[in-house]
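Fold and geometry: a report
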Amino acid sequence: MTIRNPILPGFNPDPSIVRAGDDYYIATSTFEWFPGVQIHHSRDLVHWRLLARPLNRASQLNMLGDPDSCGIWAPCLSHADGLFWLIYTDVKRFGRGSAAGASGASMRDFHNYLVTSPRIDADWSEPIYLNSSGFDPSLFHDDDGRKYLLNMLWDYRPGNNRFAGIVLQEYSVKDRKLIGERKNIFPGTALGFTEAPHLYQRNGWYYLLTAEGGTGWGHAVTMARSRKITGPYELHPDSYILSSRLRPDAELQRAGHASLVETQNGETYLAYLVGRPLRNRGRCTLGRETAIQKMVWGEDDWLRTLDGKGIPTIETPAPGLPVHKFPAASARENFDSPQLPIDFQWLRTPQPDELFSLAARPGFLRLYGRETLGSLFRQALVARRQQAHCFSAFTSIEFEPEHFQQFAGLVCYYNSTKFHYLYLSHDEAIGKHLRVMSCAPDSVQADAFTPPIPLSPGRPVHLRVEVDYERLHFAYRVDGVDAEWRWLPQLFDASILSDECSAPGQPNFTGAFVGMACQDLAGTAKHADFDYFEYTERRFRANVISSSEPISRLETEGTGG
């Protein structure tokens, strides 16, 4: 078999891979989305399933007020002494002023923690605070039983390199804290932006894997080694071992932030993040994804790609392991379970009962109207990742707004400044109506609204979105009124839901989501009930509105259940 990349499509960046027996796990960043950290599972490196999100209670993670693209950065997952160890950062301030001339632009706040569990899918421990000196923390378990924390060091001082190198400090399991002196073991290379350290031991060498060049088009995986854990570390003769920085023709771009795993058969694989830009727009609407590649150790004890070219590939040889597939996920969620389906997340708060309920009306997801889509605190927004360039999504909403401050509907969302929102509301003159609110930082007018479409009250409304690369279309259908879908005439730009579409200086590290939202700006928590949500990946359609091919069973079956 071969492995086809990316193995974790859609927003799944900063992979930390580990093997425990015959099982492989990858932890990825979740930023402001709750619960924190995604862990995927595989037994053959080919087939993967989303298994757990370990940071799921307030004592472990509270991101209320965390800015967009802050929160959980770059987790490190390891296995030693009969435990899984998870290191993570909660970023409280990115460190850029949002207004021209704002001061303190180099100041950042990031706090690093450790949790453990005997099982990957069990409840994880209460967090142990480690430090706040930088981000991308990583835990190394040495052969002598000692443990060391690594992280990049942030230097805010003017005139200094803010990415000030990789620091190492011993961690005491007994004392549950860092001990001894902090030592800068690797200042980085001329590529700059040295981050994402992971340390490995092989043939008497300590190997330090880092990311450099920034997480955009100049990203690269760098390797250095030393006979002593504290250094000095010599750089790989090729400088970096994997990158797309000089290959604009490569299908996988932005390659970097990597980690290593060795199979049961002694083969070495490198998991790393990538981006797949839209061919005609150069924007990565799927965010930063996870790929994997087979590597080889040379006679000089340096790691290289199989062909020695150091370029990410769409396909790579699979290890000689038994094939292990997982059941396919259902495209349609009817919200019949008391638990939110694992593909869905919400934003920031560890108190989901304030936002939604699956018990208030069995068989429905009830969202309680909260703050705006721009809020950094309590948004009633439940969504799932976009994981393909072409997809269809449907939902049905029962919502009777009383005034213009109450609205709910279907949203395609990147962050608080980038979204397309098909929503129901109420107007004094029109009554209940439907329209689209768009927020785009690359437009002259940052927020734009389509004309309102009057709706019949008291009836469920089906909402639909079709995305084909950068093209986004909305449609609706009112139960008992419309026999066919009614398409909105506007064509929306899906490419704004990307890292690359941004106001200057703002962090953009996540990816596009599609889901359901509800707001009540009067503070009365007016609720909306969603009967189902359907998400289907499909092939490209040049003109989805005129296509005669069935897109969903909703077109023939009517309402959901």
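Note that the structure is predicted; figures quoted are calculated from it, not measured. (Residues numbered from 1 in each chain as written. Predicted model: local features only at pLDDT ≥ 70, side-chain atom pairs only at ≥ 80, totals over all residues. Heavy atoms only, no water.)

Our focus in this paragraph is unusual backbone geometry. With an omega of 0°, the peptide bond running from Asn 5 to Pro 6 counts as cis. Within the element layout of this structure, Pro 6 appears in the loop between strand 1 (2-4) and strand 2 (16-20). Residue Gly 231 is joined to Pro 232 through a cis peptide bond whose omega torsion reads 5°. You can see Pro 232 is positioned in the loop between strand 17 (220-226) and strand 18 (234-243). The residue Asp 81 is not glycine, and still its phi comes out positive at about 55°. When you line up the elements, Asp 81 lands in the loop between strand 7 (71-80) and strand 8 (83-93). With a relative accessible area of 61%, Asp 81 lands in the exposed category. (Helix = DSSP H or I, 4+ residues; strand = E, 2+ residues; numbered from the N terminus. Buried < 20%, exposed > 50% of the residue type's maximum accessible area, 1.4 Å probe, protein only.)

Inspection of the entire model under this criterion finds 34 aromatic pairs. Relative to Phe 533, the ring of Phe 344 lies with its centre 5.6 Å away and its plane at 85°, an arrangement referred to as edge-to-face. A residue pair is termed long-range when its members are at least 10 positions apart, and Phe 344 in strand 25 (residues 344-347) and Phe 533 in strand 40 (residues 527-537) qualify at 189 residues. The burial state of Phe 344 is the same as that of Phe 533; both residues are buried. (Phe/Tyr/Trp six-rings, centres within 6.5 Å; stacked < 30°, edge-to-face > 60°.)

Take the sheet that holds strand 18 next. A sheet is described by the order of its strands in space; here four strands give the open sequence 15-16-17-18, paired in antiparallel fashion. Each of the sheet's edge strands pairs with one partner strand only, and the pair in question is strand 15 (195-202) and strand 18. Across this sheet, the average inter-strand angle for adjacent strands is 25°, counted without regard to direction. Bridge count for strand 15 against strand 16 (residues 205-212) is six bridges, and the pairing is antiparallel. The residue of strand 16 that forms the bridge with Glu 195 is Ala 211. (Pairing = 2+ DSSP bridges. Axes fitted to C-alpha atoms, helices over the stretch in contact; angles between N-to-C directions.)

One broad trend across soluble globular proteins is that nonpolar side chains are buried collectively. Formed by 68 residues in total, the largest nonpolar core has its most connected members in Leu 365 and Val 465. Discounting chain neighbours no more than four positions away, the residues touching Leu 365 are Phe 335, Leu 340, Phe 356, Ser 357, Leu 358, Val 382, Met 516, Ala 528, Asp 529 and Phe 530. In this structure, Phe 94, Phe 135, Ile 166 and Leu 381 belong to the second largest nonpolar core, which totals 40 residues. (Core = buried A, V, L, I, M, F, W, Y, C linked by side-chain atoms within 4.5 Å. Contact = heavy atoms within 4.5 Å.)

This next bit is on the side chain of Gln 379. Its place among the elements puts Gln 379 in the loop between strand 27 (365-368) and strand 28 (380-385). Polar contacts involving the side chain of Gln 379 include one to the main-chain carbonyl oxygen of Leu 373, which spans 3.2 Å. Leave out the neighbours within four places in its chain, and Gln 379 touches Leu 347, Arg 348, Leu 355, Thr 372, Leu 373, Gly 374 and Tyr 413. (Polar contact = N/O pair within 3.5 Å; in protein donor to acceptor, adjacent residues only side chain to side chain.)

Another point: the confidence of the model for the protein. Taken as a whole, the protein shows an average pLDDT of 94; of its residues, 96% reach a score of 70 or greater. Every residue in residues 97-103 is under pLDDT 50, and counting partners more than four places away or in other chains gives five contacts. Here residues 550-561 scores under 50 on pLDDT; set against residues more than four positions off or in separate chains, the count is 32 contacts. (pLDDT = per-residue confidence, 0-100.)

Another point: the environment of Ala 291. Along the polypeptide, Ala 291 turns up in strand 21 (residues 289-297). Excluding its chain neighbours within four sequence positions, the residues that come into contact with Ala 291 are Asn 5, Pro 6, Ile 7, Leu 270, Ala 271, Tyr 272 and Val 274.

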